[in-house]
Amino acid sequence: MTRPKILIVEDEQPLVTLLTYNLETEGYATTVAMRGDQAADLVHEERPDLLILDWMLPGISGIELCRRLRQRQETRTLPIIMLTARGEESERIRGLATGADDYVVKPFSVAELMARVKALLRRANPAFAADTMEAGDLRLDRVTKRVHRSAREVKLGPTEFRLLECLMKSPGRVYGRDQLLDQVWGRDSEIDDRTVDVHVGRLRKALTSLDERDPIRTVRGAGYAFDETFGRVA
Ligand code: CA
């Protein structure tokens, strides 16, 4: 299963360790930035699904970073949970006005933060929480790991399953080969780009073995996308 990616922006090492451990245990992939300016770069490189953002940071502050992210088209709706120290609560309004989606005051209960992460991800992208995803005659079940086209079961290897799951999660979004490598194989994999093409080829072949319509779009020079028009009545 493709794991939602969370960027933790926090300069207190013990808290970073605690958050990383708990988020990974919950099944999320994590990346850490300990400076605000470093986080700005990482957001564009990593395209996280959610940001946990500390208020006070070296480099640029959490508030300033939040404000900048909200000004950019591609991060305007990125889910952000802001962390603040006690005593900064009076600034709560300012934090929300800056565009954070949620707000947690330190010291906080880890369980509560995890619940908020889950809720916010679900609100931002219902596909993260759904057991099944459907488009047209295609249905992917995350619990049973089965894929069907109408009544026909499509036999997929684990890699092809994760590829389809990743693409289907955001119909229309074009994923570069490097992004697919990162999301499907993991960032540390030593696999080259052409492997992505091979697996997409296998996925396509399995999905269209009865000459059904191909739901995957190849975008020349860019990568692959799940066709957002797939399943719409023509
Ligand atoms: Ca801090």
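Refer to the preceding data block for the structure.
Small disclaimer: the values here were computed from a predicted structure and weren't measured.

Analysis parameters
- Each chain has its residues counted from 1, following the order in which its sequence is written.
- Since the coordinates come from a predicted model, pLDDT governs what is reported: local features require at least 70, and pairs of side-chain atoms require 80 or more to be given and counted, while whole-chain, interface and lining totals use all residues.
- With hydrogens and water stripped out, all remaining heavy atoms of the structure feed into the side-chain values.
- Metal donors: N, O and S atoms at distances within 2.8 Å, or within 3.2 Å for Na, K and Ca, with water omitted from the atom set so that some sites may seem incomplete.
- With a 1.4 Å probe rolled over the protein chains alone, any residue whose accessible area is under 20% of its type maximum counts as buried; one over 50% counts as exposed, and the rest are partly exposed.
- At least two DSSP bridges between two strands are needed for those strands to be called paired.
- The way it works is that DSSP assigns letters per residue, a run of H or I at least four long becomes a helix, a run of E at least two long becomes a strand, and they are numbered from the N terminus.
- Helix axes use the C-alpha atoms of the stretch in contact, all axes being lines fitted to C-alpha atoms, and the angles between their N-to-C directions lie in the range 0 to 180 degrees.
- Should any heavy atoms of two residues lie within 4.5 Å, those residues are counted as being in contact.

Engineer: Looking at this model, I keep getting lost on the coordination of the calcium ion. Mind explaining?
Structural biologist: Put simply, a metal with four donors set out as a tetrahedron has ideal angles of 109.5 degrees, and one with six donors set out as an octahedron has ideal angles of 90 or 180 degrees. Protein ligation of the calcium ion involves Asp 11 (OD), Asp 54 (OD) and Met 56 (O), the donor distances falling in the range 2.1 to 2.4 Å. Mapping the donors of the calcium ion onto the primary sequence yields the spacing D-x42-D-x1-M. For Asp 54, a relative accessible area of 3% corresponds to the buried category.

Engineer: Help me understand the sheet that holds strand E2 (residues 29-33), please; the structure alone is not making it clear to me.
Structural biologist: In any sheet, the strands associate via hydrogen bonds between backbone groups, in a parallel or an antiparallel arrangement. Taken in spatial order, the 5 strands line up as E2-E1-E3-E4-E5 in an open sheet, and their pairing is parallel. Both outer strands of the open sheet, E2 and strand E5 (102-106), are each paired with one neighbouring strand and no more. Averaged over neighbouring strand pairs, the angle between their axes works out to 20 degrees when direction is ignored. Note that strand E4 (residues 80-85) and E5 share 5 bridges and pair parallel. Residue pairing across strands places Ala 85 opposite Lys 106, the latter belonging to E5. On top of the sheet, helix H1 (residues 13-25) reaches strand E1 (5-9), E2, strand E3 (50-54), E4 and E5; it is set at about 165 degrees to E2, its chief contact. Most of the contacts of helix H5 (residues 110-124) go to E4, to which it runs at about 155 degrees, and overall it touches E1, E3, E4 and E5.

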